Amino acid sequence: MKQFAWLKAARSFLLPGATLAAGLATLASGVLPLPAFGELASRTIPILAFVLAMSLVTELVDEAGLFRAVTDRLAALGRGRVFLLWLLVVAVAAVSTVFLSLDTTAVLVTPVVVLLAVHARIPPLPFALTSIWLANTASLLLPVSNLTNLLAQDRLGLSPWRFAGLVWAPAVVGVLVPLILLWLAFRRDLRGTYGPQPAHPVRDRTLLKAAAVTLLVLLPALVSGVPVQYPALTAAAVLLVVFVRRRPAALRLSMVPWRPLMLTVGLFMLMETLHAHGLTTLLAGVAGSGESLPALLQLAGLGAGAANAANNLPAYLALEPVAGSPARLAALLIGVNLGPLVTPWASLATLLWHERLRVLNVPIRWGGFAAAGLVAAALTVPLAVLALWASSGMP
């Protein structure tokens, strides 16, 4: 059994490892020029530090039992009504995505809300689909919500609040439209009542309180205008110290997001290599230009299509140089954040979400997932672009 576990673990590193190796090969061979690599490193190292720190924070907060405590509270606040419980799950998934990132919602929120539904004898699919749709479509409002947003914020040089001021209208559309569609699709499952749910036992109340206080201090710090890697690294360090003192056995190397980091670094290097050899010129012809509504729709549609064909991160990296203005960058973000709802590989969050559901024995039919996602993306992306255009007062 241990041999099979090692084989499975090794296979999970094949794609990230190959991507990183390919990126390093472009640098070692000189295909990626050193000056371009230097600019890439100065831009992305702070972002990667933030990703590492926030992954540790969310893992440690979960290990402390905070997410389970939140779901216990949700079950009580739902007052036995399934629809009210679903609305509370919507709120948790949206807040988690906005402030902690889409991957946090996919990896940590999904299991607890799905298990909550299973224990309450409610069909789990509406809760599972709610968590992954909102993980993607609620990830537009703040820079910390999505790695693509952090890259765009760095390009634009905006504070978190000015970034939110640019994208608030499409961000609202990105939450409301999928929720309306989910309610229409699952309104029968969301009726009725459920019985009282047993609370999860708390192993260490001091650890739980420390995690909650750390998170409450961290969230406003992430939108304070201070570079986000500093509060995230500080929070991770505080939690690590607390765990070393109270539960050192809980600390493990798997808390470090090795695969996402390897994949991200490799993609950064490969896309920078392609841009150094003419990708920008090639894409300029299909990405259009200008800030008219048709031009913004064209760019957002291209971003959504590229994200579902490949992945949202390389799609953003490929198209960022041809965006060229705040409005066009916002339209691109709409495409690559709100659009990856069709294919399982369109965002890393979807792959992580499916992995969690497989462990929980919740089956997903990819044909139905793709069909529903196509309808959602086809409605959400254009409406969000329209909201961006109308709120920006562009001609």
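Calculation notes
Residues numbered from 1 in each chain as written. Predicted model: local features only at pLDDT ≥ 70, side-chain atom pairs only at ≥ 80, totals over all residues. Heavy atoms only, no water. UniProt positions renumbered as here; feature names shortened; annotations may be inferred. Helix = DSSP H or I, 4+ residues; strand = E, 2+ residues; numbered from the N terminus. Rg over C-alpha atoms; globule rule 2.2 N^0.38 Å. Buried < 20%, exposed > 50% of the residue type's maximum accessible area, 1.4 Å probe, protein only. Contact = heavy atoms within 4.5 Å. Patch = residues over 30% accessible without salt bridge, like charges linked within 9 Å, V, L, I, M, F, W, Y side chains within 5 Å. Areas by Shrake-Rupley, 256 points an atom, 1.4 Å probe, with all protein chains shown as cover. Salt bridge = Lys/Arg side-chain N within 4 Å of Asp/Glu carboxyl O. Axes fitted to C-alpha atoms, helices over the stretch in contact; angles between N-to-C directions. Parallel < 35°, antiparallel > 145°, perpendicular 65-115°, else oblique. Left-handed = near helix turned anticlockwise from the far one by under 90°. Phe/Tyr/Trp six-rings, centres within 6.5 Å; stacked < 30°, edge-to-face > 60°.

- The chain carries the name Arsenic transporter in an unreviewed UniProt entry, which gives Arthrobacter liuii as its organism.
- Turning to the chain, the UniProt annotation filed under Subcellular location (unreviewed entry) states: "Cell membrane".

### A few points about the overall build of the chain
Phase 1: Of the regular secondary structure elements, the chain holds 18 helices and zero strands.
Phase 2: The C-alpha atoms of the chain give a radius of gyration of 21 Å, which matches the 21 Å a tight globule of 395 residues would have.
Phase 3: Based on the C-alpha atoms only, the size of the chain along its principal axes is roughly 60 × 45 × 45 Å.
Phase 4: For the chain, with 395 residues in total, the buried portion stands at 52%.
Phase 5: The long-range share in the chain, meaning contacts at least 24 apart out of those at least 6 apart in sequence, stands at 80%.

### What to know about the environment of Leu156
Phase 1: Within the element layout of this structure, Leu156 appears in helix H8 (residues 147–156).
Phase 2: The partly exposed category is assigned to Leu156, whose relative accessible area is 23%.
Phase 3: C-alpha separation for the pair Leu156 and Pro326, spaced 170 residues apart in sequence, amounts to 6.8 Å.
Phase 4: Sequence-distant contacts of Leu156, that is, excluding residues within four places in its chain, are made with Leu166, Pro326 and Leu329.

### Quick word on unusual backbone geometry
Phase 1: The phi angle at Arg79 is positive, at roughly 55 degrees, despite the residue not being glycine.
Phase 2: By the element assignment, Arg79 lies in the loop between helix H4 (66–77) and helix H5 (82–100).
Phase 3: Phi at Ser101 is positive, roughly 105 degrees, even though this residue is not glycine.
Phase 4: If you trace the backbone, Ser101 turns up in the loop between H5 and helix H6 (102–119).

### Some points on the UniProt feature "domain: Citrate transporter-like" (unreviewed entry) in the chain
Phase 1: Following the UniProt record, one finds the feature "domain: Citrate transporter-like" (unreviewed entry) at residues 16–347.
Phase 2: The annotated region residues 16–347 carries 75% helix and 0% strand content, and the separation between its end C-alpha atoms amounts to 14 Å.

### Examining a nonpolar patch on the surface
Phase 1: A surface patch of nonpolar side chains, about 750 Å² in accessible area, is lined by Phe83, Leu87, Trp168, Val172, Leu176, Ile180, Trp183 and Leu184.
Phase 2: Those elements that provide at least two residues to the nonpolar patch are H5 and helix H9 (160–186).
Phase 3: The greatest single-element share of the nonpolar patch, amounting to six residues, is contributed by H9.
Phase 4: Counting through the fold element by element, Leu176 comes out in helix H9.
Phase 5: For Leu176, a relative accessible area of 48% gives the class partly exposed.

### A look at the packing of helix H7 (residues 125–137) against helix H17 (residues 348–359)
Phase 1: Contact pair H7 / H17: the axes reach a minimum separation of 10 Å and the direction vectors enclose 160 degrees. With respect to H17, the axis of H7 lies roughly antiparallel. Viewed along their axes, H7 and H17 form a crossing whose handedness is right-handed. The segment H7 lies against H17, with Ala128, Leu129, Ser131, Ile132 and Asn136 engaging Ala349, Thr350, Trp353 and Leu357.

### Overview of the packing of aromatic side chains
The description of two aromatic rings rests on the distance between their centres and on the angle between their planes.
Phase 1: Scanning all chains against the criterion turns up three aromatic pairs.
Phase 2: For the pair Phe83 and Trp86, a centre-to-centre distance of 5.9 Å together with 40 degrees between the ring planes defines the contact as tilted. Of this pair, Phe83 and Trp86 both sit in helix H5, separated by three residues, roughly a single helical turn.
Phase 3: Between the aromatic rings of Trp353 and Phe369, the centroid separation amounts to 5.6 Å while the plane-to-plane angle is 35 degrees, which identifies the pairing as tilted. Here the residue Trp353 occupies a position in helix H17, and Phe369 occupies one in helix H18 (residues 366–392), the gap between them amounting to 16 residues. Of the two residues examined, Trp353 and Phe369, each falls in the buried class.
Phase 4: Through successive ring pairs, a cluster of aromatic residues spans Trp353, Trp366 and Phe369.

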